[in-house]
Amino acid sequence: KKEQLQVLAEVDAVTKDGTQLNLAANISSVKELDMSLRSGAKGVGLFRTEFLYMDRHSFPSEEEQYEVYRRVVEKTGGNAVVIRTLDIGGDKQLDYFPLPEEDNPFLGYRAIRISLELKDLFRTQLTAILRASVHGKVKIMYPMISSLDEIREANQILNEAKANLSKRGISYDPNIEVGIMIEVPAAVVIADLLAKEVDFFSIGTNDLVQYVLAVDRMNEQIAHLYQPFHPSVLRLLRMTAEAAHAAGISVSVCGELAGDERAVPIWLALGIHNLSMSPQSLLRVKHRVLNTEAAEAVTVAKSCLTMSTGKEIEAELEKYKRNST
Ligand code: PEP
Ligand code: MG
């Protein structure tokens, strides 16, 4: 089965009736990039940079980061690489930088909140990303955004980093695209406002599901309540897609749900044509896309959007998948 799928690496992800999806990869290392490229990934939709900061004794320097980003960008060829700025806190810790003990780490000091506090650290990372942007198509993405102020503050530091590079005589892409993760429900609710200030949205369903359902994504005890197909999640996905389309910016999904082939009808119905997923999911999802008739799938997804429970929706998507394989 795995060998059979491998022949799809070179094939575009197009439905039977001609809708093309862009399947990119989530990576956290050059090794994962290599795996993804072997599976035909069209670019990197999420580069989790925190892994550059882990398993070491101090923060990585601008030069060290630049080397890694450049390698990733060059290997990816002409396709885009979305580099997400540091997303520590929550479940991810750094040995050399102990974060304060918190009662609710997922509601606490994490991601962009840390970057906006430790501005030098943030500026160093943004500088390294900017430097890599001359070697291919690079985009910057901020994690855990919940307000407009965070975007403006982050962009302020980005502008400082740009000015500094100009002063040093080092080139970068002056038009580098800047986007945000949509993974906090508040961001969905004000998606129309946020869309005016960024170039793209990328929906992080892992955190979005956790936050909207108030279900800790790491807690086994309540794992059965962690329902990516809960109607509230589908509504948030729809609101985000509609806000992006209305503003004319691009929207993608980079949470685990993008790698769930049962969700393909949902993306087609919502007009979300960019998906980013773990390398292991790429060929499986592509196989599903190739076996899907968009017109039919959209009808199924639209009926799912009227259903009242996650279980019903999941069952409907399961059934459609079985019948169209
Ligand atoms: C997400 O939250 O969906 C996401 C892609 O980010 P992470 O899993 O790294 O939190
Ligand atoms: Mg997340």
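In the annotation of an unreviewed UniProt entry, the entry for the protein chain reads Phosphoenolpyruvate-protein phosphotransferase, and the organism field reads Paenibacillus provencensis. Under the UniProt heading Cofactor (unreviewed entry), the note attached to the protein chain is "Mg(2+)".

Draft legend 1. Region of the structure containing helix α10 (residues 205-213). α10 sits mainly inside the fold: eight of its nine residues count as buried. Within α10, the full set of buried residues consists of T205, N206, D207, L208, V209, Q210, Y211 and L213. Along its buried surface, α10 packs onto β3 (44-48), β6 (177-182), α8 (185-189), β7 (200-203), α11 (231-247) and β8 (250-253). Phi turns positive, to about 55°, at A214, one or two residues after α10.

Draft legend 2. Up close: the coordination of the magnesium ion (ligand 2). Coordination sphere of the magnesium ion (ligand 2), protein contribution only: E183 (OE) and D207 (OD), at 2.0 to 2.1 Å. Of the two residues, E183 is situated in the loop between β6 and α8 and D207 in helix α10; the sequence distance between them amounts to 24 residues. Under the relative-accessibility criterion, E183 is labelled buried at 2%. Residue class for D207 comes out buried when judged on its relative accessible area of 3%.

Draft legend 3. View of the pairing of strand β2 (residues 20-27). Counting buried positions along β2 yields six of eight residues, so the element is predominantly enclosed. Pairing of strand β1 (residues 13-14) with β2, which is carried by two bridges, proceeds in the antiparallel orientation. Residue V14 lies in a different strand from β2, and its bridge partner there is Q20. Here β1 hands over to β2 after five residues, with G18 in that stretch at a positive phi of 90°. Bridging between β2 and strand β9 (residues 274-277) involves four bridges; their strand directions are parallel. Within β9, the residue paired with A25 across the bridge is M277.

Calculation notes
- Every chain is numbered on its own, with residues counted from 1 as its sequence reads.
- Each chain takes a letter, starting from A, and each ligand takes a number, starting from 1, following the order in which they are written.
- Reporting in this predicted model follows two pLDDT cut-offs: at least 70 for local features of residues, and 80 or more for side-chain atom pairs to be given and counted; totals over whole chains, interfaces and linings ignore these cut-offs and use all residues.
- Based on all heavy atoms of the structure, the side-chain values leave hydrogens and waters out of the count.
- UniProt positions are given in the numbering used here, feature names are shortened, and annotations may be inferred rather than shown by experiment.
- With a 1.4 Å probe rolled over the protein chains alone, any residue whose accessible area is under 20% of its type maximum counts as buried; one over 50% counts as exposed, and the rest are partly exposed.
- The way it works is that DSSP assigns letters per residue, a run of H or I at least four long becomes a helix, a run of E at least two long becomes a strand, and they are numbered from the N terminus.
- When checking whether two residues touch, look at their non-hydrogen atoms; a contact exists if any pair is within 4.5 Å.
- Each metal site lists N, O and S donors within 2.8 Å (3.2 Å for Na, K and Ca). With water left out of the atoms, a site can look as if it is missing ligands.
- Two strands form a pair only when DSSP identifies at least two bridges running between them.

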